[in-house]
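If you want the building blocks of each chain, they are given just below.
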Amino acid sequence: MTATEAARAVDPEQGTLAKAADENFPVAPFFLPRAWRTDLMAVYGFARLVDDIGDGDLVPGGADARLLGVPADRADDRLVMLDAFEEDLRRVFDGTPRHPLLRRLLPTVRRRSLTPEPFLGLIAANRQDQLVARYETYDDLLAYCELSANPVGRLVLAVTGTSTPERIRRSDEICTALQIVEHLQDVAEDLGRDRIYLPAEDMKRFHVRESDLAAPTANASVRALIAYEAARARDLLNEGAPLVGSVHGRLRLLLAGFVAGGRAALSAIAAAQHDVLPGPPRSGKVRLLREAGLVLRGEG
């Protein structure tokens, strides 16, 4: 165990929150009001922990299991951990939770009048990851994104007090697009977890077999498939982009960053000639800033 891992085992709350620096998109950037940053970090702590439970990436030592009251011999059972986490989440709304990340979330829920549904959606997505490893159709994948991605955008709107039906619709499009982009970046990593988020019907259409995804580099069929799914994601981003222009001030900058991050990632995938198998193609800061400027001007 490294010194960092040891520190996280002692303090799983800070160990989880520290992962914010490694995310693709800024979680609570400095230019936001302090109250927003506090509440967004509380939401992030929840979302990061539930994903870590679902992916088996908890801090070493079993501290999270102990905090959730899960016996040591069940700590490796992800479904058991997710059930315990959901039970503790419900205490946020009608009692006092056990886990410090959920105790951190409690004042945010009360201050922003948040409801359980988006949090339960994120737990349901991670529970689905333990039971479903392949998606037959694009619509099946969209239904998964409704649980795994869209609640995050809805929580951002709720925390900032800007929710409207039209903004929620646009936010859902952006969040689904960002989830698909992440899936495209992480094809090899997901396959290592025995998960494939490329629709089976599309794999058949482009004559891509699962064994093709395990290769060191992508063949022409895989590249064509990735290009096809990337175009779908870009269309979704473009459909959701008017959300940015519907808000003002610092929130507009935050949302522009989300859209720009997705577009920059898609550009990086294209620059790699849609070969995502050696590892996730990454865009540089210059490209991200350029894309952000285009989004803020309503271009692109």
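Refer to the structure presented above.
It should be emphasised that the depicted structure is a prediction, and the values quoted were computed from it without experimental measurement.

> Explain the side chain of Asp190 to me, and be specific about the residues and the numbers.
Looking at the secondary structure, you find Asp190 in helix 11 (residues 187–192). Among buried charged residues, Asp190 stands out as having no salt bridge; its nearest opposite-charge side chain is Arg193, 5.0 Å away. Ignoring sequence-local partners within four residues, the contact set of Asp190 consists of His183, Arg195 and Tyr197.

> Hey, could you go over the pattern of salt bridges for me, with residue numbers and the actual values?
On inspection of all chains with the given rule, the structure shows 26 salt bridges. Across the salt bridge formed by Asp83 and Arg127, the nearest N and O atoms sit 3.0 Å from each other. Pair noted here: Asp83 is in helix 5 (residues 78–94) and Arg127 is in helix 7 (residues 117–131), with a separation of 44 residues, a long-range link. For Glu86, the salt bridge goes to Arg127, with nearest N and O atoms at 2.9 Å. With Glu86 in helix 5 and Arg127 in helix 7, this residue pair connects regions lying 41 residues apart in the sequence. Residue classification places Glu86 among the buried residues on the basis of a relative accessible area of 17%. The exposure class assigned to Arg127 is partly exposed, which follows from its relative accessible area of 22%. Put simply, Asp83, Glu86, Arg90 and Arg127 are held in one network by salt bridges that share partners.

> Which residues make up the nonpolar core, and what are the values?
Formed by 81 residues in total, the largest nonpolar core has its most connected members in Phe46, Phe85, Leu105 and Leu198. Setting aside chain neighbours within four positions, we find Phe85 in contact with Phe46, Leu49, Val50, Ile53, Leu68, Leu102 and Ile123.

> Account for helix 16 (residues 249–271), naming residues and giving values.
Look at helix 16: 33 Å from first C-alpha to last across 23 residues, which is about the 33 Å you get at 1.5 Å a residue. Of all the 23 residues making up helix 16, 17 are buried; the element is thus mostly covered by neighbouring parts of the structure.

> Could you give an account of helix 8 (residues 138–148), with specific residues and numbers?
For helix 8, the set of buried residues is Tyr138, Leu141, Tyr144, Cys145 and Ser148. The buried side chains of helix 8 occupy one side of the element, clustering within an arc of 115° when seen end-on. Buried residues along helix 8 sit against helix 7, helix 9 (150–159), helix 10 (165–185), helix 12 (200–205) and helix 14 (220–240).

> Run through the packing of helix 8 against helix 9, naming residues and quoting values.
Look at helix 8 against helix 9: their axes get within 4 Å of each other, and the N-to-C directions meet at 40°. Counted together, Cys145, Glu146, Leu147 and Ser148 of helix 8 and Asn150, Pro151 and Arg154 of helix 9 form the full contact between these two elements. Tallied by class, the residues present in the contact of helix 8 with helix 9 amount to 3 nonpolar, 2 polar and 2 charged.

> Describe empty space enclosed by the protein, with residues and values.
Considering all chains together, one arrives at 2 cavities of 30 Å³ or more under this definition. Of the pockets and cavities examined, the largest cavity occupies roughly 50 Å³. Along its surface, the largest cavity is lined by His183, Val187, Asp190, Leu191, Arg195, Ile196, Tyr197, Leu198 and Leu213. Among the elements that line the lining of the largest cavity, the one with the most residues is helix 11, at 3 residues. For the lining of the largest cavity, the class distribution of residues is 6 nonpolar, 1 polar and 2 charged. Lining the second largest cavity are Leu141, Ile180, His183, Leu184, Tyr197, Leu198, Pro199 and Glu229. In terms of residue count, the dominant contributor to the lining of the second largest cavity is helix 10 (3 residues). The class makeup of the residues in the lining of the second largest cavity is 6 nonpolar, 1 polar and 1 charged.

> Go over the packing of helix 3 (residues 34–55) against helix 5 with me, naming the residues and quoting the values.
Remark: helix 3 packs on helix 5, axes separated minimally by 8 Å, with the N-to-C direction vectors making an angle of 160°. Judged by the inter-axis angle, helix 3 sits roughly antiparallel to helix 5. Contacts between helix 3 and helix 5 pair Phe46, Leu49, Val50, Ile53, Gly54 and Asp55 from the former with Arg78, Met81, Leu82, Phe85 and Leu89 from the latter. Residue classes in the contact of helix 3 with helix 5 are distributed as 8 nonpolar, 1 polar and 2 charged.

Analysis parameters
- Residues numbered from 1 in each chain as written.
- Predicted model: local features only at pLDDT ≥ 70, side-chain atom pairs only at ≥ 80, totals over all residues.
- Heavy atoms only, no water.
- Helix = DSSP H or I, 4+ residues; strand = E, 2+ residues; numbered from the N terminus.
- Buried < 20%, exposed > 50% of the residue type's maximum accessible area, 1.4 Å probe, protein only.
- Lys, Arg positive; Asp, Glu negative; His and termini not counted.
- Salt bridge = Lys/Arg side-chain N within 4 Å of Asp/Glu carboxyl O.
- Contact = heavy atoms within 4.5 Å.
- Core = buried A, V, L, I, M, F, W, Y, C linked by side-chain atoms within 4.5 Å.
- Expected span 1.5 Å × (residues − 1).
- Arc of directions from axis to C-beta.
- Axes fitted to C-alpha atoms, helices over the stretch in contact; angles between N-to-C directions.
- Nonpolar A, V, L, I, M, F, W, Y, C, P; charged D, E, K, R; others polar.
- 1 Å grid on protein atoms, 1.4 Å probe; cavity = no way out; pocket = protein on both sides within 12 Å on 5 of 7 lines; lining within 4 Å.
- Points joined across faces, edges and corners; volume = space filled by probe spheres on them.
- Parallel < 35°, antiparallel > 145°, perpendicular 65-115°, else oblique.

Scope: geometric values only; no functional claims are made or implied.
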